[in-house]
Amino acid sequence: MKSHHALEPSLAPSAVQVPHRRTPAVVTSRHRPHGSAALATYRDLGAKGFGPTEAGNLTAYLRGLRPTGRGWTVAELDRLLFLRYLVDRGLLDDDPVVDSAHPVPAVD
């Protein structure tokens with residue numbers, strides 16, 4: 001009995017159709033799918049012996065932010081740097097909203 005999986009002997013190997021596979025699309029975005037630059041810096045500092053507080057504060061300092069007593073987390077840095085990016089490009093206003101439906105209460 002002939003197997004239906006075997007190639008016909010009359011067909012040359014070049015005549016056999018191989019399904020075309022797509023090559024993955026190259027990501028041209030500036031976004032890093034496996035972490036941020038802040039995360040890379042934080043990890044590098046940790047690998048060099050810095051503790052979490054020191055690594056967080058040094059990472060923040062390298063990006064123009066002041067250190068804090070408890071240190072920065074990578075998530076905090078990424079959020080703040082994203083907001084800075086939006087403000088710098090005019091996509092988010094850095095002035096408080098005046099006459100808003102939800103005004104900020106005055107501090108006495």
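Here the structure is a predicted model, which means the values were calculated and not measured.

J.: Just checking my understanding: could you explain the overall build of the protein chain for this structure?
T.: For the protein chain, the count of helices and strands is three helices and zero strands. Overall, the protein chain shows an N-to-C arrangement of helices and strands of α-α-α. The buried share of the protein chain, taken over its 108 residues, is 14%. Put simply, of all contacts in the protein chain between residues at least 6 apart along the chain, 19% involve residues at least 24 apart.

J.: Mind showing me how you'd approach the nonpolar core here?
T.: The nonpolar side chains of soluble globular proteins are, as a tendency, buried together. Residues A38, A60, L65, W72 and L77 constitute the largest nonpolar core, which totals five residues. Apart from residues lying up to four places away in sequence, L77 is in contact with A38, G56, T59, A60, L65 and W72.

J.: Where do I start with a nonpolar patch on the surface in this structure?
T.: Residues L80, F82, L83, Y85, L91 and L92 make up a contiguous nonpolar surface patch of about 560 Å² in total accessible area. Along the chain, the position of Y85 falls in helix α3 (residues 74-88). With a relative accessible area of 41%, Y85 lands in the partly exposed category.

J.: Where do I start with α3 in this structure?
T.: Three- or four-residue spacings in an α-helix give side chains the same orientation, since the helix completes a turn every 3.6 residues. The terminal C-alpha atoms of α3, which comprises 15 residues, lie 21 Å apart, in line with the 21 Å expected from a rise of 1.5 Å per residue. Every buried residue of α3 is listed here: V74, L77 and L86. All buried residues of α3 fall inside an arc of 165° around its axis, so they share one side. Packed against the buried residues of α3 are α1 (37-47) and α2 (52-62). Looking one or two residues past α3, G90 carries a phi angle of roughly 75°, positive in sign.

J.: Would you explain the side chain of T41 in this entry?
T.: Mapping T41 onto the fold places it in helix α1. By relative accessible area, which is 18% here, T41 ends up buried. In contact with T41, not counting residues within four places along its chain, are T59, L62 and R63.

What counts and what doesn't
- Residues numbered from 1 in each chain as written.
- Predicted model: local features only at pLDDT ≥ 70, side-chain atom pairs only at ≥ 80, totals over all residues.
- Heavy atoms only, no water.
- Helix = DSSP H or I, 4+ residues; strand = E, 2+ residues; numbered from the N terminus.
- Buried < 20%, exposed > 50% of the residue type's maximum accessible area, 1.4 Å probe, protein only.
- Contact = heavy atoms within 4.5 Å.
- Core = buried A, V, L, I, M, F, W, Y, C linked by side-chain atoms within 4.5 Å.
- Patch = residues over 30% accessible without salt bridge, like charges linked within 9 Å, V, L, I, M, F, W, Y side chains within 5 Å.
- Areas by Shrake-Rupley, 256 points an atom, 1.4 Å probe, with all protein chains shown as cover.
- Salt bridge = Lys/Arg side-chain N within 4 Å of Asp/Glu carboxyl O.
- Expected span 1.5 Å × (residues − 1).
- Arc of directions from axis to C-beta.

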